[in-house]
Amino acid sequence: MTVVILPFPAQEALASDLGVLLEPHGFDARVGRLDWRRFPDGESLVAIDEAVDGADVVVVASLRDPDAMALALRYAAATAREFGARSMGLVAPYLAYMRQDARFHPGEAITAPLFAGFLENSFDWLATVDPHLHRIPTLDAVFRMPTRCVAAAPAVAEWIRTTVPDAVLIGPDGESEQWVADIAKRAALPYQILSKRRRGDRDVIVSLPDPGLLRDRTPVIVDDIISTGQTIVEALRHLIAAGLRPATCVTIHAVFAAGAYENLLAAGAGRIVSTDTIPHPSNAIGLAPLLAQAAAELLRGAPGKPAQPASEGRSPVI
Ligand code: R5P
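Residues numbered from 1 in each chain as written. Predicted model: local features only at pLDDT ≥ 70, side-chain atom pairs only at ≥ 80, totals over all residues. Heavy atoms only, no water.

The subject of this paragraph is the overall build of the chain. Across its full length, the chain carries nine helices and 16 strands. Here the chain has a C-alpha radius of gyration of 20 Å; the compact-globule value for 318 residues is 20 Å, and the two agree. When its C-alpha atoms are laid out on the principal axes, the chain stretches across 60 × 50 × 40 Å. Of all 318 residues assigned to the chain, the portion counted as buried reaches 52%. (Helix = DSSP H or I, 4+ residues; strand = E, 2+ residues; numbered from the N terminus. Rg over C-alpha atoms; globule rule 2.2 N^0.38 Å. Buried < 20%, exposed > 50% of the residue type's maximum accessible area, 1.4 Å probe, protein only.)

Right under this line is the structure:
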């Protein structure tokens, strides 16, 4: 089975790792070209490797900036199909839009299923890492195409266990418990979960930690996503006020909205570490082997005839 991997900008290293890691799974994989540039007026120009006839094509694109990337993704997938791609897969280590899974205020679009439908109009399968599923139980609730979710917990637990052996893990909100409890169990470390109330995009209140459990240990705040950083800044504020050691902050997805990383450092974070689902200087935990395993499973089930979009027959979503 010939696999051509097309990396979006900044995904070349992951694409190259996936190419190497897919070989032991029985795939003849090579990395092809995907160029994307914006014209001064904001329109996208996408150009891809033309030699994809009969190949299973895998686009690698971390969806850190989904609105900007959406059309380019659609153009790349449609063009690969025009050049004869047998199937189209998407490795999106960070999957955007999964947090807007309910109508929190009147009139809001529920974008998790809408975005899923948008991707399904271009791709046959999706591999991702720990999507932020809260009220949605699994990705199957919003995607009809096959999906695989890589769990970062084993790799994160291993990093914490070996790098901060005296850690006590802190989850900054109830939603983080699903990840923090799992990581703590794997690393055989204690943990506590705080509660959080969000009053605005950059306005959150986090409950006070129990200093008794934290004393004489290094606090490690673990969250699935750091976006504005305000959740972690609030948690750090409490830890510092309680006179505890500088905390290590570990996140799966280094979204880091403008200024967030600098704000965390200014707030007293001892060290900030992330997995490589979004390229960022804080990346220290690599997930390529787990993503290759997921992609291999999905490639084995890829359509064996000239592919149609998985959403063929459903009404257009966007
Ligand atoms: C929310 O439920 C997530 O788990 C994160 O806590 C949240 O996305 C972090 O956002 P921010 O960095 O903007 O506080």
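Attention now goes to the sheet that holds strand S14 (residues 248-253). Taken together, six strands build an open sheet; the order of strands is S10-S9-S13-S14-S15-S16 and the sheet is parallel. Whereas interior strands pair on both sides, the edge strands pair on one side only; in this sheet they are strand S10 (191-193) and strand S16 (283-285). Taken over all neighbouring pairs, the strand axes of this sheet differ in orientation by 30 degrees on average, direction set aside. Where strand S9 (residues 167-171) lies against strand S13 (residues 218-225), four bridges are found, and the strand directions are parallel. Note that in S13 the partner of Ala-167 across the bridge is Thr-218. Most of the contacts of helix H5 (residues 177-187) go to S10, to which it runs at about 170 degrees, and overall it touches S9, S10, S13 and S14. (Pairing = 2+ DSSP bridges. Axes fitted to C-alpha atoms, helices over the stretch in contact; angles between N-to-C directions. Contact = heavy atoms within 4.5 Å.)

Right, let's get into the packing of helix H1 (residues 12-22) against helix H9 (residues 288-300). Across the interface, H1 lies against H9 with an axial gap of 9 Å and an inter-helix angle of 60 degrees. Between H1 and H9, the crossing angle belongs to the class labelled oblique. Between H1 and H9 lies a crossing whose hand is right-handed. Residues Leu-14, Asp-17, Leu-18, Leu-21 and Leu-22 of H1 pack against Ala-288, Pro-289, Leu-291, Ala-292, Ala-295, Ala-296 and Leu-299 of H9. Residues of the contact of H1 with H9, tallied by class, amount to 11 nonpolar, no polar and one charged. (Parallel < 35°, antiparallel > 145°, perpendicular 65-115°, else oblique. Left-handed = near helix turned anticlockwise from the far one by under 90°. Nonpolar A, V, L, I, M, F, W, Y, C, P; charged D, E, K, R; others polar.)

Our next topic: the layout of surface pockets. By volume, the largest pocket is sized at about 1,300 Å³. Breaking the lining of the largest pocket down by element, the ones donating at least two residues are helix H2 (66-82), strand S11 (196-200), S13 and helix H7 (230-241). Residue composition of the lining of the largest pocket, by class: 12 nonpolar, 11 polar and 15 charged. Here the lining of the largest pocket gathers at least three residues from each of two domains, domain 1 (2-150 + 288-300) and domain 2 (153-285). In this structure, the second largest pocket spans a volume of roughly 190 Å³. Forming the boundary of the second largest pocket are Asp-130, Pro-131, Leu-133, Pro-137, Thr-138, Leu-139, Cys-149, Val-150, Ala-151, Gln-178 and Trp-179. (1 Å grid on protein atoms, 1.4 Å probe; cavity = no way out; pocket = protein on both sides within 12 Å on 5 of 7 lines; lining within 4 Å. Points joined across faces, edges and corners; volume = space filled by probe spheres on them. Domains from an automatic or database assignment.)

Moving on, we come to the pattern of salt bridges. Counted according to the given criterion, the structure contains 11 salt bridges. Across the pair Glu-158 and Arg-161 runs a salt bridge whose closest N-O atoms are separated by 3.0 Å. Here the residue Glu-158 and the residue Arg-161 both occupy positions in helix H4 (residues 153-163), the gap between them amounting to three residues, near one helical turn. (Salt bridge = Lys/Arg side-chain N within 4 Å of Asp/Glu carboxyl O.)

Looking only at H1, the buried set comprises Leu-14, Ala-15, Leu-18, Gly-19 and Leu-22. For H1, the angular spread of the buried residues around the axis is 140 degrees, confining them to a single face. With respect to the buried face of H1, the exposed residues turned more than 90 degrees away are Ala-13 and Val-20. Buried residues belonging to H1 abut strand S1 (2-7), strand S2 (28-31), strand S5 (56-60), strand S6 (87-92) and H9. (Arc of directions from axis to C-beta.)

The subject of this paragraph is the site of the ligand. In the neighbourhood of the ligand, 15 residues make up the surrounding shell, with Glu-175, Asp-223, Asp-224, Thr-228 and Thr-231 lying closest. For the ligand, an oxygen atom lies 3.2 Å from a polar atom in the side chain of Arg-198. Contact distances for the ligand include 2.6 Å between an oxygen atom and a side-chain N or O atom of Asp-224. Cavity membership is defined here by more than half of the atoms lying within 2 Å of grid points; on that basis the ligand lies in the largest pocket. Sorting the residues of the shell around the ligand by element identifies S11, S13 and H7 as the ones contributing at least two each. For the shell around the ligand, the residue count by class is two nonpolar, six polar and seven charged. (Near = heavy atom within 4 Å. Polar contact = N/O pair within 3.5 Å; in protein donor to acceptor, adjacent residues only side chain to side chain. Sits in = over half its atoms within 2 Å of the grid points.)

Before going further, it helps to examine the pairing of S1. Note on strand geometry: in a regular strand, side chains alternate between the two faces of the sheet. Among the six residues of S1, five are classified as buried, and the element is accordingly described as predominantly covered. Where S1 and S2 come together, four bridges link them in parallel fashion. Across the sheet, Ile-5 pairs through a bridge with Val-31, a residue of S2. Running through H1, the crossover from S1 to the neighbouring parallel element S2 is right-handed. (Right-handed = clockwise from strand over helix to strand, strands pointing away.)

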